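Inside the fold
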Amino acid sequence: MIETVSTMNRSCARFTTDKQSARQLSRGSRDFVLVAHGGAGDFSQVRPRQIAIRRVAMTKAMEAGYKVLARAGTSLDAVETTISVLEDSGAFVAGRGAFYTRDGIPELDSAIMDGRTLSAGAVASVKRIANPIRLARLVMEKTRHVLLVGEGAEQFAKLQGIDLVPPYYFFSENEWKRYRDLKAADAKGKSALATGSQVHGTVGVVALDQAGNLAAGTSTGGTAWKMPGRVADSALIGAGTYANNDSCAISATGVGEFFIRNVVAADISARVRYLHLSLEEAANDVVMKELVAQHGEGGIIGLDRQGRVATVFNSDGMIRAVVRADGAFTIKISKQ
């Protein structure tokens, strides 16, 4: 059950637990936290109806992840569950909402990391996987590798019993129109993408479970008019996704090339671990200083083992949501 109060830039709600979860929460277990993002950018470009759709999808995803943690589930399970709901919604640039490449076929990237063991799994440039985050976790748990790409990743998916979906699964009237418009502009020798702030609809989740373990995951459908085979920071451990119980869990969104060059997620983690900065200080140093100096747009969500949350972004806005053990839940877009 959800009780909600909403404004244009902020939604507040409270999730309630079932009796089983309430009993588990009353046994003196520690606090848990779930944080998610749905992309950064200039949301003045996004129609109010689309923002409302994203709010609903984010609320549904956060409720699903909250239930996992409330029942003493692992942070990994909460991350995978929450991201899977976001991928299925089609409301974000992940899963069903992926952008088309220049060849007119979506390619998706995802990664997940366990802060307790430093185990990690990732997939990139997959075309027929409905939930890349689930496949990324299988890479982590069922192989000795970290990253599988393209056809190799899809062959592995089949061996694990995952059904491959046809490319039409990702079809969207709006995205197909965007692709055709960009293709026409490119054919005329015009810049296919407008300059200035874009909306990056990558999704990501960080979680702290009742056992005190961190996890992080990120999933993306890329950027508009990207070259086939382009891999996002989302799938690269240390760039767009990172988790370590000794420091923090991070998921990023924005112009991925900047996050790759600056290994943003790992850099923030290292500053927390070795320089003993707070999570907020470390994230601000990287996102608001170093990335800004390079004109690298985007942001991060972060979480440490004490349950402290950082949501830092240098773009005009970033969809982010937080819920804690008491069920108090917020979604924000603007910096207010």
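Throughout what follows, the structure given in this document is the object of discussion. Not measured: the values here are computed from a predicted model. Each chain has its residues counted from 1, following the order in which its sequence is written. The predicted origin of the model limits local features to residues at a pLDDT of at least 70 and limits the giving and counting of side-chain atom pairs to 80 or more, whereas totals for whole chains, interfaces and linings rest on all residues. Think of the side-chain values as coming from all heavy atoms in the structure, minus any hydrogens and water.

Quick look at the sheet that holds strand 10 (residues 249–254)
One requirement defines pairing of two strands: DSSP has to find at least two bridges between them. Each helix corresponds to a stretch of at least 4 residues labelled H or I by DSSP, and each strand to a stretch of at least 2 residues labelled E; elements are numbered beginning at the N terminus. In space, the 4 strands of this open sheet follow the order 9-10-11-12, with antiparallel pairing throughout. Looking at strand neighbours, the two that pair on one side only are strand 9 (241–243) and strand 12 (309–313), the edges of this open sheet. Each neighbouring strand pair of the sheet contributes to a mean axis angle of 10°, computed without reference to strand direction. Whether two residues are in contact is decided by their heavy atoms: any pair within 4.5 Å suffices. Structural elements are reduced to axes, namely lines fitted to C-alpha atoms, with helices fitted over the stretch in contact, and the angle between N-to-C directions of any two is expressed from 0 to 180 degrees. In the packing of helix 8 (residues 264–274) onto the sheet, the strands contacted are strand 9, strand 10 and strand 11 (298–303), and the crossing angle to strand 9 comes to about 25°. Contacts from helix 9 (residues 279–293) reach strand 10, strand 11 and strand 12 within the one sheet, and its direction differs from that of strand 12 by about 15°.

Regarding the pattern of salt bridges
We define a salt bridge as a side-chain nitrogen of Lys or Arg found within 4 Å of a carboxyl oxygen belonging to Asp or Glu. One pass over the full model with this rule turns up 14 salt bridges. Between R271 and D285 there is a salt bridge, with its nearest N and O atoms 3.9 Å apart. Highlighted residues: R271 in helix 8 and D285 in helix 9, separated in sequence by 14 residues. Only protein chains enter the area calculation, which uses a 1.4 Å probe; residues under 20% of their type maximum are buried, those over 50% are exposed, and those in between are partly exposed. Using a relative accessible area of 15% as the deciding quantity, one classes R271 as buried. Put simply, R271 and E290 hold a salt bridge, and the shortest N to O gap is 2.6 Å. With R271 in helix 8 and E290 in helix 9, this residue pair connects regions lying 19 residues apart in the sequence. Taken together, the shared-partner salt bridges connect D77, E80, R134, R137 and E141 into one network.

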